[in-house]
Amino acid sequence: MRIAFVTMAPLRQGPAGPTSDFASARYRVLIPAQQLARLGHSVALATIPATGPLPPSVHALECDTLVLSKSYNPECERLVESLKARGVRVVCDFCDDHFGHAQIGPHFRRLAELADEITAATPAMADAIARATGRTARVITDPVEGPRREPRFEPRLPALRLLWFGHPSNLPGVIDKAHELKALVARIPVRLTLVTEATEETRGLARAFANFEPARLTVELVAWSVEATWAALNQADAVWIPVAAQDKNVVKSPNRLVESLWAGRLVIADAIPAYEPFAPYVPVGKGLDAGIAAALADPEGTRSRLREAQRAIGRAHSGFECGRRWTQAAGDSSERPLRLNLGCGDKILPGYVNVDVVEARAGMKPDVVCDLHDLAPFPDASADEVLSVHVVEHFWRWEIRDVVREWARVLKPGGRMIIECPNLLSACRTFLENPGEFAHEDQRGQRTMWVFYGDPHWKDPLMIHRWGYTPESLQALLADAGLADIRQEPAQFKLREPRDMRVVGVKA
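How each quantity is defined
- Along each chain, residue indices are assigned from 1 in the same order as the chain's sequence is written.
- Under the rules for a predicted model, residues below a pLDDT of 70 receive no local features and side-chain atom pairs below 80 are neither given nor counted, while totals for whole chains, interfaces and linings still include all residues.
- Side-chain metrics rest on all non-hydrogen atoms present in the structure, leaving aside hydrogens and water.
- Counting from the N terminus, the helices are the DSSP runs of H or I reaching at least four residues and the strands are the DSSP runs of E reaching at least two.
- A helix is expected to reach a length of 1.5 Å times the quantity of its residues less one.
- Across the chain, bend at a residue is computed as the angle between axes fitted to the seven residues ending at that point and the seven starting from it.
- When a residue's accessible area, from a 1.4 Å probe over protein chains only, is under 20% of the maximum for its type it is buried; when over 50% it is exposed; and in between it is partly exposed.
- What makes two strands pair is DSSP finding at least two bridges between them.
- Should any heavy atoms of two residues lie within 4.5 Å, those residues are counted as being in contact.
- Here, axes are lines fitted to C-alpha atoms. For helices the fit covers the stretch in contact, and angles between N-to-C directions go from 0 to 180 degrees.
- Arc, as used here, means the arc of the directions from the helix axis to the C-beta atoms.
- Think of it this way: a Phe, Tyr or Trp ring, Trp meaning its six-membered ring, pairs with another when their centres are within 6.5 Å, and the plane angle makes it stacked under 30 degrees, edge-to-face over 60, tilted otherwise.
- In protein, a polar contact requires one atom able to donate a hydrogen and another able to accept it; more generally it is a pair of N or O atoms within 3.5 Å, and residues adjacent in sequence count only if both atoms are side-chain atoms.
- Put simply, buried Ala, Val, Leu, Ile, Met, Phe, Trp, Tyr and Cys residues joined by side-chain atoms within 4.5 Å make one nonpolar core.
- With respect to orientation, any angle under 35 degrees is reported as roughly parallel, any angle over 145 as roughly antiparallel, any angle of 65 to 115 as roughly perpendicular, and every other angle as oblique.
- Crossing handedness is read from the near helix: turned anticlockwise from the far helix by less than a right angle, it gives a left-handed crossing, and turned clockwise, a right-handed one.
- Throughout, the ten residues Ala, Val, Leu, Ile, Met, Phe, Trp, Tyr, Cys and Pro are labelled nonpolar, Asp, Glu, Lys and Arg are labelled charged, and all others, Gly among them, are labelled polar.
- We count a salt bridge whenever a side-chain nitrogen from Lys or Arg sits within 4 Å of a carboxyl oxygen from Asp or Glu.

Overview of helix α1 (residues 23-38)
Then, number 1: When the terminal C-alpha atoms of α1 are compared, their 21 Å separation across 16 residues agrees well with the 22 Å that a helix rising 1.5 Å per residue should span.
Then, number 2: The sharpest bend along α1 measures roughly 25° and falls at Leu 30, with the proline Pro 32 sitting one to four residues further on.
Then, number 3: Judged by how many residues are buried, α1 sits mostly within the fold: 12 of 16 residues are covered.
Then, number 4: Residues of α1 that are buried: Ser 24, Ala 25, Arg 26, Tyr 27, Arg 28, Val 29, Leu 30, Ile 31, Pro 32, Ala 33, Gln 35 and Leu 36.

This is the structure in structure tokens:
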């Protein structure tokens, strides 16, 4: 399908492609567009002004589906009407509840009336749309964007490292809940980092906080950027997300909370609809001092709950899930086979959902980041094919059985599991032909020593080989996972035969 995203949010070219300083543009336009492109759709991006005529190029867009997101320009009504007259499907995405606004509200209601499909970031936003328009919205959650890190709660006492980050429009919550910060500081020294725009207001707030108890509270103001936020999350012990009393019922996305949990950090958040689903994992609505005290009393339980939160985020907020839901909203009802490329590394294969435990390797990012021990984003019997190329040798022998059984779990009955890895038998035979020649760490050891231990040039413990397989032992591994019709086929990746081998099994 040809899908075009149109938004008034400013986009700019970053080192890795289009980006924006507006979180809503990244979550509702750029990441969905990237995921749809990886799923095989043709995707275009276009920006429009907030007011005034739209560029002629926007009216001339050649697409099957138009997604209009974050648009306040009334001229969009004319655009939607003209594209619908050409048979284009129109999806209107609403991430802000402005239906009651005197100026914007009528425009939003007209767009909702014209749209073939309406999407919303949260159930609360969908409820607001229903109240204002009587229409049902498809909920497509914001995808998680930042790096996934191991859950950690080990405060480097005596001072607790606390982080608040966000747009200055969220500062009323910080001011409203300043008494919570005072209560925490009275009990434990705090190093507070504020990552936001550096304005007179934010500088004044930092100075005011620093005067609470100068001996027990230090405050650092860091100019906001995506990179600065990730760096601050990496250093923090906990993240604080307070909400002002007048904003309790404001429709918000949980993206700040989700990003913090994905980074493996404890979050203390106020109770609003978007945050309440995360109450089983972190203190929601408990208050800053009480939340920190509970975590300090049970650090292991805190880390365990953070791991469970990451599993939930992997299921509901992955780029893959985001792309799947946007495909449905775009009107693509075709049953595309789901093929997983597990442990993809830097080998991103078209036509596959590429999955890896690392955020990127050699500059290449997977579609889904998750631990291959636990394919949480994928339900039982959901995949038509599981492909794993040079991965099984990186697991310890005592864990590999459970790993392959987990891979078999997501396969549909009749689905294929394809595993390629080095052939230990071939490597041993080659090595014994000339041990002096084939014992080197350079290319001379590629068919021997690299098979035994992995390529040393990576200088990465994750790339070490922890077990080796012959065709017979690899087939036995698949049989132990419950697969049938197991057979050896010619290897198709890496160095292929005879150094490598391929074994295929089918789920009964």
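Re the sheet that holds strand β7 (residues 117-120)
Then, number 1: Ordered by their spatial adjacency, six strands build an open sheet running β4-β1-β5-β6-β7-β8, and the pairing between neighbours is parallel. Only two strands of the sheet have a single partner each, and these edge strands are β4 (42-47) and β8 (138-139).
Then, number 2: As paired strands, strand β5 (residues 65-69) and strand β6 (residues 89-94) are joined by five bridges and run parallel to one another. Along β6, the bridge assignment pairs Val 67 with Val 91.
Then, number 3: Against the sheet, helix α5 (residues 123-133) contacts β6, β7 and β8, and its axis sits at roughly 135° relative to β7.

Quick notes on helix α18 (residues 471-480)
Residues separated by three or four positions in an α-helix point in the same direction, a consequence of the helix having 3.6 residues per turn.
Then, number 1: Of the positions making up α18, those classed as buried are Pro 471, Leu 474, Leu 477 and Leu 478. In an axial view of α18, the angular spread of the buried residues amounts to 125°, which keeps them on one side of the axis.
Then, number 2: Packing partners of the buried residues in α18 comprise α14 (397-409), β18 (411-422), β19 (483-489) and β20 (500-507).
Then, number 3: Note on α18: the residue one or two positions beyond its end, Gly 482, has a positive phi of about 90°.

Section: the packing of aromatic side chains
Then, number 1: Counted by the stated rule, this structure contains 10 aromatic pairs.
Then, number 2: With centroids separated by 5.1 Å and ring planes inclined at 45°, the aromatic side chains of Phe 94 and Phe 108 adopt a geometry described as tilted. Of the two residues, Phe 94 sits in strand β6 while Phe 108 sits in helix α4 (residues 104-114), which places them 14 residues apart along the sequence.
Then, number 3: Note on Phe 431 and Phe 452: the rings are 6.0 Å apart at their centroids and 75° apart in plane angle, and the pair reads as edge-to-face. Highlighted residues: Phe 431 in helix α15 (residues 424-433) and Phe 452 in helix α17 (residues 449-453), separated in sequence by 21 residues.

Remarks on the environment of Arg 12
Then, number 1: Following the sequence through the fold, Arg 12 ends up in strand β2 (residues 12-14).
Then, number 2: Taking the C-alpha atoms as reference points, Arg 12 and Val 185, separated by 173 residues in sequence, lie 41 Å from one another.
Then, number 3: Discounting chain neighbours no more than four positions away, the residues touching Arg 12 are Gly 17, Pro 18, Thr 19 and Asp 21.
Then, number 4: Here the side chain of Arg 12 touches Asp 21 through a polar contact of 2.8 Å, side chain to side chain.

Considerations on the nonpolar core
Then, number 1: Counting residues in each nonpolar core, the largest one holds 55 residues, and the members touching the most others are Leu 162, Leu 181, Leu 261 and Tyr 275.
Then, number 2: The contacts of Leu 162, once residues within four sequence positions are left out, are Leu 181, Leu 184, Val 190, Arg 191, Leu 192, Thr 193, Ala 238, Val 239, Trp 240 and Leu 288.

A look at the side chain of Ser 24
Then, number 1: Along the chain, Ser 24 falls in helix α1.
Then, number 2: Once residues lying within four places of it in the same chain are set aside, the contact partners of Ser 24 are Val 29, Lys 70 and Cys 95.

Some details on the packing of helix α10 (residues 255-262) against helix α12 (residues 299-316)
Then, number 1: Interaxial distance between α10 and α12 falls to 9 Å at its minimum, and their mutual angle equals 120°. For the element pair α10 / α12, the angle class is oblique. When the axes of α10 and α12 are compared, the crossing they make is left-handed. The segment α10 lies against α12, with Val 258, Leu 261 and Trp 262 engaging Leu 306, Ala 309, Gln 310, Ile 313 and Gly 314.
Then, number 2: Looking at the contact of α10 with α12 residue by residue, the classes come out as six nonpolar, two polar and no charged.

Notes on the pattern of salt bridges
Then, number 1: Under the definition given, this model contains 39 salt bridges.
Then, number 2: Arg 2 is the salt-bridge partner of Asp 64, the closest N and O atoms lying 3.2 Å from each other. Separated by 62 residues along the polypeptide, Asp 64 in the loop between α2 (56-59) and β5 and Arg 2 in strand β1 (residues 2-7) bring together distant segments of the chain.
Then, number 3: When its relative accessible area of 31% is taken as the criterion, Asp 64 is described as partly exposed.
Then, number 4: Under the relative-accessibility criterion, Arg 2 is labelled partly exposed at 35%.
Then, number 5: A salt bridge links Arg 26 to Glu 145, with the shortest nitrogen-to-oxygen separation between them at 2.7 Å. You can see Arg 26 sitting in helix α1 and its partner Glu 145 sitting in the loop between β8 and β9 (160-165), a full 119 residues away along the chain.
Then, number 6: Taken together, the shared-partner salt bridges in this structure form one network comprising Glu 150, Glu 300, Arg 303 and Arg 307.

Looking at the environment of Trp 230
Then, number 1: One can find Trp 230 in helix α9 (residues 226-235).
Then, number 2: You can call Trp 230 buried: its relative accessible area is 17%.
Then, number 3: Here the alpha-carbon distance between Trp 230 and Gly 146, two residues 84 residues apart in the chain, equals 6.9 Å.
Then, number 4: With near-sequence residues (within four places) excluded, Trp 230 lies in contact with Glu 145, Gly 146, Pro 147, Arg 149 and Glu 259.

Description of the pairing of β5
Each regular strand shows side chains that alternate between the opposite faces of the sheet.
Then, number 1: The buried count for β5 comes to five of five residues, which makes it a mostly enclosed element.
Then, number 2: Going residue by residue along β5, you find Thr 65, Val 67 and Ser 69 tucked away on one face and Leu 66 and Leu 68 tucked away on the opposite face as well.
Then, number 3: In terms of strand pairing, β1 meets β5 through five bridges, oriented parallel. Opposite Ile 3, over in β5, you have Thr 65 as the bridge partner.

Thoughts on the sheet that holds strand β15 (residues 353-356)
Then, number 1: Taken together, seven strands build an open sheet; the order of strands is β16-β15-β14-β17-β18-β20-β19 and the sheet is mixed. With one partner strand each, in any of the chains shown, β16 (368-369) and β19 form the two edges of the open sheet.
Then, number 2: Direction of pairing for strand β14 (residues 339-342) relative to β15: parallel, over a ladder of three bridges. Residue pairing for β15: Leu 342 is matched across the bridge by Val 355.

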